[in-house]
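Report on the structure
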Amino acid sequence: MSMRSITSCLGYQQITSLATAVGLTVPTLSPEGLQCSPSVAVIVPEGASIRWRDDGVNPTAAIGMPVSVGSILEYDGDLTKVRFIQQSAGAVLNVVYYA
C-alpha cells in the first residue's frame, strides 16, 4: 500500500533560515480549516545538506543525522521535537505534513 492511499495532506512549509537549529511549525488546521494533528512529515532539503536530531539536543553542522540534498526523509516521530540545521550555507527545507 502506498503512502498516498493511506494519508491526507495537511499542509506545506518551506524553511529558509537554517543557520541555527530550527524546529517545524506543525499545522493545527487542515487546508479546509478543520482541526488536525499530522503524524508524518516528508522533508526534502535543497541547496545544501542538513542534519537533524529529535533527542532534545540541537544538531550542529557536524553532529546529527545527515540528509543530503534531494534525499527524502519521511519522519514519523514527535514532530514537535525534531530540529534541523544546515551543514553549509544555502539549505532550504521543503516539508509536507500528512495524517
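Everything discussed here concerns the structure shown above.
Residues numbered from 1 in each chain as written. Predicted model: local features only at pLDDT ≥ 70, side-chain atom pairs only at ≥ 80, totals over all residues. Heavy atoms only, no water.

**Some remarks on the side chain of glutamine 86**
With respect to the element layout, glutamine 86 can be found in strand β7 (residues 83–86). Judged by its relative accessible area of 15%, glutamine 86 is buried. At a separation of 3.5 Å, a polar atom in the side chain of glutamine 86 contacts the main-chain amide nitrogen of glycine 90. Polar side-chain contacts of glutamine 86 include one of 3.3 Å to the backbone nitrogen of alanine 91. Setting aside its immediate chain neighbours within four residues, glutamine 86 contacts Leu18, Ala19, Ser49, Ile50, Ala61 and Ala91. (Helix = DSSP H or I, 4+ residues; strand = E, 2+ residues; numbered from the N terminus. Buried < 20%, exposed > 50% of the residue type's maximum accessible area, 1.4 Å probe, protein only. Polar contact = N/O pair within 3.5 Å; in protein donor to acceptor, adjacent residues only side chain to side chain. Contact = heavy atoms within 4.5 Å.)

**Considering the packing of aromatic side chains**
In this description, a pair of aromatic rings is defined by centroid distance and the angle of the planes. One pass over the full model with this rule turns up one aromatic pair. Arranged with centres 5.5 Å apart and planes meeting at 75 degrees, the rings of tryptophan 52 and tyrosine 75 form a pair that is edge-to-face. Of this pair, tryptophan 52 sits in strand β4 (residues 50–53) while tyrosine 75 is found in strand β6 (residues 73–75), placing the two residues 23 residues apart along the sequence. (Phe/Tyr/Trp six-rings, centres within 6.5 Å; stacked < 30°, edge-to-face > 60°.)

**Looking at the nonpolar core**
Proteins that are soluble and globular tend to have nonpolar side chains buried together. The biggest cluster of nonpolar side chains holds 21 residues, and the ones touching the most others in it are Leu18, Leu24, Ile43, Phe84 and Leu93. Elements that contribute at least two residues to this core include exactly β1 (9–15), β3 (40–46), β4, β6 and β8 (92–98). Among the elements that line this core, the one with the most residues is β8, at three residues. Isoleucine 43 has contacts with Ser71, Ile72, Leu73, Tyr75, Phe84, Leu93, Asn94 and Val95, leaving out every residue within four places of it along the chain. (Core = buried A, V, L, I, M, F, W, Y, C linked by side-chain atoms within 4.5 Å.)

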